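This is what each chain is made of:
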Amino acid sequence: MGRGRSSGAQLALSAMAADRPHLPGRRARGPITHPMDSLDAFARTKLDALEAGSLRRRLTPTERGAEAAAVRRGRALVSFSCNDYLGLSHHPRVIAAARDAVAAYGAGAGGSRLVTGDHPVLGALENLLARHKGTEGALVFGSGYLANLGITPALAGRGDLVVLDELSHSCMWAGARLSGAKILTFRHNEPGDLAMTLAEHRPHHARALVLTERVFSMDGDRAPLGDILGVADQFDAWTLVDDAHGIGVVEDGPRAPLEMGTLSKALGSYGGYLCASRPVIDLMTSRARSFVYTTGLPPASAAAALEALAILEAEPARRARPLALARRFTARLGLPEAESAVVPVLVGDAQTALDIYGALEAEGFLVVAIRPPTVPAGSARLRVAFSAAHAEAQVDALADAVAALTGRGSRP
Ligand SMILES: *Cc1c(COP(=O)(O)O)cnc(C)c1O
């Protein structure tokens, strides 16, 4: 850059400074508030309100290890709060796959998939995902959240309709809002309510999407997918199922034409995916903005997920374990039988949930309290997540501790 240009830039900067009385060295004529003051005041007011409702969130550094171990504040805990349902994030073969990929291919993808970030290991993972789900194709995204941000807007827009189960995950809502389509909800897991909604609104919209989850993330219950797909077919609506908590744990039942999910739960790695027909996958490759305009998944994350998927397919006993342990827990506590690896223990208000979480931690269990707005107001809960890595004795000990703290009967 030439001298003249850089001194021109300096002139422009000092002209800007003259227009801004709050910059250092300038005296303001009246009482001028620095924008930082109002910004911080805004944040503090919001935080105070969250604090008052026991809704303020704080980070807790956690070191996870094999066999559901977690260390927090120097204390060794057994974690019942990880989504690592098959214990694969610490499987020696998964770790080796990631380490080998980093050594061979580097730490990052170096660009978006459509430019230079499409390492062949991502294609290999997509082939295996498509085979696993029985679809023509699959597309790997940067995360499950990013997948849902991109999928719905690529299929629906103004003049279209998106109908979601009212308990759908935050990122399904975000994708729906981003699409610009009209958004409606149906009552949780009620195909009859979906049918009524579609009967009334479907005729006034060009295209319609139905969004739900195979396993609901905070309640652990399963959608009646056969019935939902039947209703959607009747009204010529396309169904997108979020399978984040299904793959590797509960995989029976019908498949939707659009099945998205994450590599970060049972697959123990990081990233997201969509499994669908070849034309849909090709459309997403060109049009899903959260695919096109973001850096490709690091090859090591894909290599880890690929190895995890191979282990998952080869070891049915591992896949059966999380649900079996969850059912052992619900039976012992007299709760409704678990439908997935996730079991909610509802306690009502946020502070009670926090108190029980603290008491369990003192006994060596990590069971995080889930509060609004993640779950509806008044339904704060302990969300207990079971893993193939847990031992039966650990599950029984947790059930007894929860029974003592909540006043529920434990039935050994
Ligand atoms: C975790 C989760 C996601 C997001 O997946 P990430 O890969 O963690 O971004 C999406 N949907 C549901 C239902 C989830 O539980």
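For clarity, every value in this text was computed on a predicted model and none was experimentally measured. (Residues numbered from 1 in each chain as written. Predicted model: local features only at pLDDT ≥ 70, side-chain atom pairs only at ≥ 80, totals over all residues. Heavy atoms only, no water.)

(A) Focus on the overall build of the protein. For the protein, the count of helices and strands is 14 helices and 14 strands. Each principal axis of the C-alpha distribution contributes one length, and for the protein these read about 80 × 55 × 50 Å. Burial statistics for the protein: of 412 residues in total, 48% are counted as buried. Taking as baseline every contact in the protein between residues at least 6 positions apart, the subset at least 24 positions apart corresponds to 67%. Here the protein has roughly 19500 Å² of accessible surface; of this, 55% comes from carbon and sulfur atoms. (Helix = DSSP H or I, 4+ residues; strand = E, 2+ residues; numbered from the N terminus. Buried < 20%, exposed > 50% of the residue type's maximum accessible area, 1.4 Å probe, protein only. Contact = heavy atoms within 4.5 Å. Areas by Shrake-Rupley, 256 points an atom, 1.4 Å probe, with all protein chains shown as cover.)

(B) A look at the site of the ligand. Residues in close proximity to the ligand total 14 residues, the closest being Gly144, Asp242, His245, Thr262 and Lys265. Within the backbone of tyrosine 145, a nitrogen or oxygen atom sits 2.9 Å from an oxygen atom of the ligand. Interatomic distance of 2.6 Å between a side-chain N/O atom of lysine 265 and an oxygen atom of the ligand. Calculation on the ligand without its partners gives an accessible area of 380 Å², and the protein chains cover 87% of this total. When its residues are assigned to classes, the shell around the ligand shows three nonpolar, eight polar and three charged. (Near = heavy atom within 4 Å. Polar contact = N/O pair within 3.5 Å; in protein donor to acceptor, adjacent residues only side chain to side chain. Nonpolar A, V, L, I, M, F, W, Y, C, P; charged D, E, K, R; others polar.)

(C) Just the sheet that holds strand E4 (residues 137–141), in detail. Spatially, seven strands are ordered E4-E10-E9-E8-E7-E5-E6 in an open sheet, and the strand pairing comes out mixed. Of all strands in the sheet, those with a lone pairing partner are E4 and strand E6 (182–186), marking the two edges. With strand direction ignored, the average angle separating the axes of adjacent strands in the sheet is 20°. In the sheet, strand E5 (residues 161–165) pairs with strand E7 (residues 208–213) via four bridges, with the strands oriented parallel. (Pairing = 2+ DSSP bridges. Axes fitted to C-alpha atoms, helices over the stretch in contact; angles between N-to-C directions.)

(D) View of the pairing of E6. Judged from the five bridges that link them, E5 and E6 form a sheet pairing that is parallel. Note that in E6 the partner of aspartate 165 across the bridge is phenylalanine 186. Crossover E5 to E6 through helix H6 (residues 170–179) is right-handed. (Right-handed = clockwise from strand over helix to strand, strands pointing away.)

(E) The arrangement of the packing of helix H4 (residues 120–133) against helix H11 (residues 299–314) in detail. As a packed pair, H4 and H11 sit with axes 9 Å apart at the nearest point and diverge in direction by 30°. In terms of axis orientation, H4 runs roughly parallel to H11. Classified by chirality, the crossing of H11 by H4 is left-handed. Residues Val121, Leu122, Ala124, Leu125, Leu128, Leu129, Arg131 and His132 of H4 form the contact with H11, whose participating residues are Pro299, Ala302, Ala303, Ala305, Leu306, Leu309, Ala310, Leu312 and Glu313. Classifying every residue of the contact of H4 with H11 by side-chain character gives 14 nonpolar, one polar and two charged. (Parallel < 35°, antiparallel > 145°, perpendicular 65-115°, else oblique. Left-handed = near helix turned anticlockwise from the far one by under 90°.)

(F) Molecular detail of empty space enclosed by the protein. Across all of its chains, the model carries one cavity of 30 Å³ or more by this definition. Approximately 30 Å³ is the volume found for the largest cavity. Lining the largest cavity, in full, are Arg113, Val140, Phe141, Gly142, Phe291, Thr294, Thr295, Gly296 and Leu297. In terms of residue class, the lining of the largest cavity is made up of four nonpolar, four polar and one charged. (1 Å grid on protein atoms, 1.4 Å probe; cavity = no way out; pocket = protein on both sides within 12 Å on 5 of 7 lines; lining within 4 Å. Points joined across faces, edges and corners; volume = space filled by probe spheres on them.)

(G) Seen up close, the domain arrangement of the protein. For the protein, the assigned domains are domain 1 (63–88 + 316–406) and domain 2 (109–297). Computed from C-alpha coordinates alone, the two centres of domain 1 and domain 2 are separated by 27 Å. At the interface, 20 residues of domain 1 touch 16 residues of domain 2. Interface area, domain 1 with domain 2, both sides summed: about 1500 Å², of which 58% is carbon and sulfur. Scanning the region where domain 1 abuts domain 2 turns up one salt bridge. For arginine 381, the salt bridge goes to aspartate 219, with nearest N and O atoms at 3.1 Å. There are six residue pairs in polar contact (both at pLDDT 80 or more) connecting domain 1 and domain 2. (Domains from an automatic or database assignment. Buried area = accessible area lost by both parts, 1.4 Å probe. Salt bridge = Lys/Arg side-chain N within 4 Å of Asp/Glu carboxyl O.)

(H) Quick look at the layout of surface pockets. Computed from the structure, the largest pocket encloses a volume of approximately 860 Å³. Sorting the residues of the lining of the largest pocket by element identifies helix H2 (35–52), strand E1 (62–64), helix H13 (350–362) and strand E13 (369–370) as the ones contributing at least two each. Considering only residue class, the lining of the largest pocket consists of 11 nonpolar, seven polar and eight charged.

(I) Here's a closer look at the nonpolar core. By size, the foremost hydrophobic cluster in this structure holds 37 residues, and its most contacted members are Tyr85, Leu125, Leu129, Val140, Leu263 and Leu267. For this core, the secondary-structure elements that each account for two or more residues are helix H3 (92–105), H4, E4, strand E10 (272–276) and H11. Per-element tally for this core: the top contributor is H11, with nine residues. Counting contributing residues, this core receives three or more from each of domain 1 (63–88 + 316–406) and domain 2 (109–297). (Core = buried A, V, L, I, M, F, W, Y, C linked by side-chain atoms within 4.5 Å.)

(J) Summary view of the packing of aromatic side chains. Under the counting rule described, the total for this entry stands at four aromatic pairs. Geometrically, the ring pair formed by phenylalanine 141 and phenylalanine 291 is edge-to-face, given 5.7 Å between the ring centres and 70° between the ring planes. Separated by 150 residues along the polypeptide, phenylalanine 141 in strand E4 and phenylalanine 291 in helix H10 (residues 289–292) bring together distant segments of the chain. One exposure class covers both phenylalanine 141 and phenylalanine 291, and it is buried. Taking 5.1 Å as the distance between ring centres and 55° as the angle between the ring planes, the aromatic pair formed by phenylalanine 329 and phenylalanine 386 counts as tilted. With phenylalanine 329 in helix H12 (residues 316–333) and phenylalanine 386 in the loop between strand E14 (380–385) and helix H14 (392–406), this residue pair connects regions lying 57 residues apart in the sequence. (Phe/Tyr/Trp six-rings, centres within 6.5 Å; stacked < 30°, edge-to-face > 60°.)

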